[in-house]
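Spelled out from the first residue to the last, the chains are:
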Amino acid sequence: MADLRVQLGSLTLKHPVLPGPGPNVAGLADGVAALDGGAAALVLRTVTVAPPGGRSTWAAYGKDGALHEAAPSTMPFDAWLDSVWGPAVTAARTARAPLIPSIGYTPDEVAYMAERLPEADALLYDTHHAARGDLAAALQAIRNVSAAPVIVRLAPHHGEDLADLAAELEPHADAFCLIGSFGPTLMINADSPAGSPGIGFLSGAPIRPIAQRFVFEVAQRVAKPVIAAGGIFTGRDVVTALMLGASAVMVSTAAVVKGSSVYGEIAAELDQWLTGHDRASALDVQRAYIRRWGHGQRVVTEKEEAPVLSEPDCITCTFCETVCFYDAIKAPAKTLPTIDGDPCFQCGLCVSACPTGALSFAPREQVTLVRKGR
Ligand code: SF4
Ligand code: SF4
């Protein structure tokens, strides 16, 4: 078993998989269910002093995506403090898990709340409804009243220059979380426009490459830990987040779609991946992409892979040759495709595009052996 422990400032996590502070932890029972499902901390949904009106909305987008307007808890902070906070502290202490409440949004609001949460092991500053110009002041206000490490959540609706923003905020923050969602976006239904989900923030698998870009840019720019959020569904997604420089991940949409056991399943998959790739710990792969990219290389693992064909599953549709930008596949009509591992860029497009699942990745040596055997 690999050592999955990671460090977020002064906070040690047993593994890097945390719940995001959204609808996946709508109530305390959901947060506790996340802990029972293997999450590394008890994370609570964002609260604020005077919640804005309106309910959270949620519409599925494709298989693993969602369009939503995730409002904070509708319970005002004072009522939440009276009814939720005490049981949350008890649940976290019983489970020996870090307790991370999420607070928003203005400097006055977060100072008021942070001062009343001395049991928090870390505070998540949710900036979703905060003005960009207030962020540094809000972080300073939290610092003035609390000794807890502060994780600040940043998202692209504060501007495309998240790396600049993170660098500006770094003196006041202990860790960064990004991006969680991308938006606002707009989705309408051609057949029934009146019933369309409308404007909302996109989350889940569709934003994974966007989140990866921001994680990469911010992790290059700041020394403080970065938590990747956006499309984390599997242990491999955690590996890529670590390779891009993240220290941990936050999972929201996957938990809504798959249930609260997903946190532990993702951590177990991470362990399997690390063990299968002879990595002793999560830290072994952290920043691997940044290190290699810095030397002008593209390779992200030391184990090269290439697509391999399951002949019985192939319907000789030729689609894999069409999509390969690198001319690594030859698939003449009515003929089984041949794959040349040398020009293959491991982009994965053929594996994703094959309509029958006849292609999968395998170690490059194995692919070479298959070809030599023909
Ligand atoms: S896309 Fe899949 S089914 Fe079609 S030729 Fe390629 S391997 Fe065969
Ligand atoms: S993984 Fe990409 S480069 Fe390699 S054969 Fe498939 S489509 Fe071509």
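In what follows, the structure referred to is the one given above.
Treat the numbers as computed from the prediction; the structure is a model and nothing was measured. (Residues numbered from 1 in each chain as written. Chains lettered and ligands numbered in written order. Predicted model: local features only at pLDDT ≥ 70, side-chain atom pairs only at ≥ 80, totals over all residues. Heavy atoms only, no water.)

Now for the overall build of the protein chain. Counting secondary structure elements, the protein chain contains 13 helices and 19 strands. With the C-alpha coordinates of the protein chain rotated into their principal frame, the extents come out at 70 × 50 × 40 Å. The buried share among the 374 residues of the protein chain stands at 50%. Across the protein chain, every contact between residues at least 6 apart in sequence was considered, and the portion connecting residues at least 24 apart equals 65%. Looking at the protein chain as shown, the accessible area adds up to about 16700 Å², and 54% of this sits on carbon and sulfur atoms. Treating the 29 positive side-chain charges of the protein chain as one cloud and the 38 negative ones as another, the clouds have centres 6 Å apart. (Helix = DSSP H or I, 4+ residues; strand = E, 2+ residues; numbered from the N terminus. Buried < 20%, exposed > 50% of the residue type's maximum accessible area, 1.4 Å probe, protein only. Contact = heavy atoms within 4.5 Å. Areas by Shrake-Rupley, 256 points an atom, 1.4 Å probe, with all protein chains shown as cover. Lys, Arg positive; Asp, Glu negative; His and termini not counted. Charge placed at Lys NZ, Arg CZ, Asp CG, Glu CD.)

This next bit is on unusual backbone geometry. Residue Tyr105 follows Gly104 across a cis peptide bond; omega there is 5°. The topology assignment puts Tyr105 in the loop between β8 (102-103) and α3 (107-115). Going from Leu178 to Ile179, the amide bond is cis rather than trans, its omega being 0°. With respect to the helices and strands, the residue Ile179 is situated in strand β11 (residues 175-179). Residue Arg96 is not a glycine yet carries a positive backbone phi of 55°. Within the secondary structure layout, Arg96 lies in the loop between α2 (77-95) and β7 (99-100).

Here the focus is the sheet that holds β11. Pairing is parallel across the open sheet formed by seven strands, whose spatial order is β3-β15-β14-β11-β10-β9-β8. In this open sheet, the two edge strands, each paired with only one partner strand, are β3 (17-19) and β8. Where β3 lies against strand β15 (residues 248-251), three bridges are found, and the strand directions are parallel. Paired with Pro19 across the bridge in β15 is Val251. (Pairing = 2+ DSSP bridges.)

Turning next to a nonpolar patch on the surface. Residues Phe325, Tyr326, Phe345 and Leu349 make up a contiguous nonpolar surface patch of about 420 Å² in total accessible area. Take Phe345: it is sitting in the loop between β18 (338-339) and α12 (349-353). The exposure class of Phe345 is partly exposed, given its relative accessible area of 35%. (Patch = residues over 30% accessible without salt bridge, like charges linked within 9 Å, V, L, I, M, F, W, Y side chains within 5 Å. Salt bridge = Lys/Arg side-chain N within 4 Å of Asp/Glu carboxyl O.)

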